[in-house]
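Structural overview for review
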Amino acid sequence: MKNGMLSGELALGRRPQNKFWLTFWLCFAGAASFLLPCVLVDKGIFHYAGDFNCQQIPFYYYANQFVKSGGGSFSWATDLGSDFWNSYSFYLTGSPFWWFTLLFPARALPWLMAPMLCLKMAVAGAGGYLWARRYVRDPNYAVVAGCLYGLSGFSVYNIFFNHFLDVVALFPYLLWALDGALYEKRRGPFAALVALNLLNNYFFFVGQVVFLAIYFVCKVASGEVRLTGRLFGHLALESLLGCGMGCVLLIPELAFLLGNPRTAHQHLQAAELLQCFLYRGIHLGGIAHIGVQSHKAPAGVQRLCLLHNIQGSIFAAVPGKGNIVPGAGKLQNGGGTNAAAAAGNQYMVIHGGSPHFAAGLPARRAFRLSASAVWLAVRQKTLVKVPGLPLPTGPAP
């Protein structure tokens, strides 16, 4: 395998079979086989649990609606008002799969989540085949490899985090493009796929870069690839070009994150917390979480955090101010239980306050107050409604 090609069919004088689309449809059918029963039980909509119901479905629905309505770059329905493109960059704004869903009306998105999961697994499997076929004599083994990758336990488990599958789907194409640059001196696809993966998710892109570096070093160290100045220069140029194209979203995202006190400070004083709340308009749940995460917050700060938690929920009852909180899961160390959780995770997230308070803070009381505020909003019909997801009903908590 000196040149990276185990071409048994070529040695026999036959043109290698391309089973890319066979792998694609096998993975699509495999994903549909275990998702379809759930969809039928839930009358067309795939309900899972937790973040999938209260974040992933509403995010896709809201983002589709926001873009098509000419929302611009700032969303008043996110947190207490936040930049749309940066707030959702970790989830969907750079994902080609989300852009594909713009072909459909926003109302159809809850029903499209299961087909989109099938599509992502199919794209992942086909990419796995594309990369693996270089290393096997029989293309059927590459089909098996693609199916094992696309329908792996990691893929199936991370249906819960819908946007993880975007990364799984696109990564094998990055490996395939690197192999093409190494063995066939193919120029262009590697830079394009570096940009695509960076745009798709900046956070996971770091891990992808580490993997590619190890992959490249192993090939050079084993003698499979002969490293020359010309080859290294081409790879470096394409890498920089791809990263440069990806910076269209990366630079604003980094500026957005670095300007957020939750990522810049681990220990905030009471005055700083109050200043953040009054002047910087950041997510209140994040303040509460930082204030107690250090376990050094004085009683006054703890009460302030409780006030923020309650205020954030009451804010949801303001007509036309139903809020969703994309930052809750990303920046709060696993994400707080939103007020939505108190009523069954069946509607858009309106507050991201965390119930994980330090010792001495009446967490149960805060949770009940938040849940009561949500119940009030439900009664007043002021929550943002997602088609197909019923609003909770019943007595006040």
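Preceding this section is the structure that the text describes.
One structure accompanies this document, and this report is about it.

Definitions and limits used
Residue indices begin from 1 for each chain and proceed along its sequence in written order. Side-chain atom pairs in this predicted model are given and counted only at pLDDT of 80 or more, local residue features only at pLDDT of at least 70, and totals for whole chains, interfaces and linings cover all residues. Computation of side-chain values covers all heavy atoms of the structure but excludes hydrogens and water. Secondary structure elements are defined from DSSP: runs of H or I of at least 4 residues count as helices, runs of E of at least 2 residues count as strands, and each element is numbered from the N terminus. The span expected for a helix works out to 1.5 Å for each residue beyond the first. Bend at a residue means the angle formed by two fitted axes: the first through the 7 residues ending at that position, the second through the 7 residues beginning there. Salt bridges are identified by distance alone: a Lys or Arg side-chain nitrogen within 4 Å of an Asp or Glu carboxyl oxygen. Between buried and exposed lies partly exposed: a residue is buried under 20% and exposed over 50% of the maximum accessible area for its type, with that area taken using a 1.4 Å probe on protein chains only. Throughout this description, the term nonpolar core refers to a set of buried Ala, Val, Leu, Ile, Met, Phe, Trp, Tyr and Cys residues connected via side-chain atoms within 4.5 Å. The contact rule is simple, with two residues in contact once any of their heavy atoms fall within 4.5 Å. Axis definition: a line fitted to C-alpha atoms, limited for helices to the stretch in contact. Angles are taken between N-to-C directions and run from 0 to 180 degrees. Any angle that falls under 35 degrees is termed roughly parallel, while one over 145 is termed roughly antiparallel, one within 65 to 115 roughly perpendicular, and all others oblique. The handedness criterion is simple: a crossing whose near helix is rotated anticlockwise from the far helix by less than a right angle is left-handed, and one whose near helix is rotated clockwise is right-handed. The classification used treats Ala, Val, Leu, Ile, Met, Phe, Trp, Tyr, Cys and Pro as nonpolar, Asp, Glu, Lys and Arg as charged, and all other residues, Gly among them, as polar.

Observations concerning helix 6 (residues 109-132)
Here helix 6 spans 33 Å end to end across 24 residues, near enough to the 34 Å set by a 1.5 Å rise per residue. When the local axis directions of helix 6 are compared, the greatest deviation, roughly 30 degrees, occurs at P115.

Focus on the pattern of salt bridges
Here the structure, examined in full by the defined rule, presents five salt bridges. We note a salt bridge from D179 to R134, for which the minimum N-O separation is 3.9 Å. With D179 in helix 9 (residues 164-183) and R134 in the loop between helix 6 and helix 7 (139-150), the pair connects residues that are 45 residues apart, well separated along the chain. For the pair shown, D179 and R134 are each scored as buried.

A closer look at the nonpolar core
One finds F46, L92, F97, I159 and L182 to be the most contacted residues of the largest nonpolar core, which totals 70 residues. It is helix 6 that contributes the most residues to this core, 15 residues altogether. When sequence neighbours within four positions are dropped, the list of residues in contact with L182 reads F216, K219, V225, L231 and L235.

Some points on the packing of helix 2 (residues 20-41) against helix 6
Interaxial distance between helix 2 and helix 6 falls to 7 Å at its minimum, and their mutual angle equals 150 degrees. Between helix 2 and helix 6, the crossing angle belongs to the class labelled roughly antiparallel. The two elements helix 2 and helix 6 cross, and the hand of that crossing is right-handed. Mapping the contact onto sequence places F20, T23, F24, C27, F28, A31, A32, F34, L35 and V39 in helix 2 and A114, P115, L117, C118, L119, M121, A122, V123, G125, A126, Y129 and L130 in helix 6. Tallied by class, residues from the contact of helix 2 with helix 6 come to 20 nonpolar, two polar and no charged.

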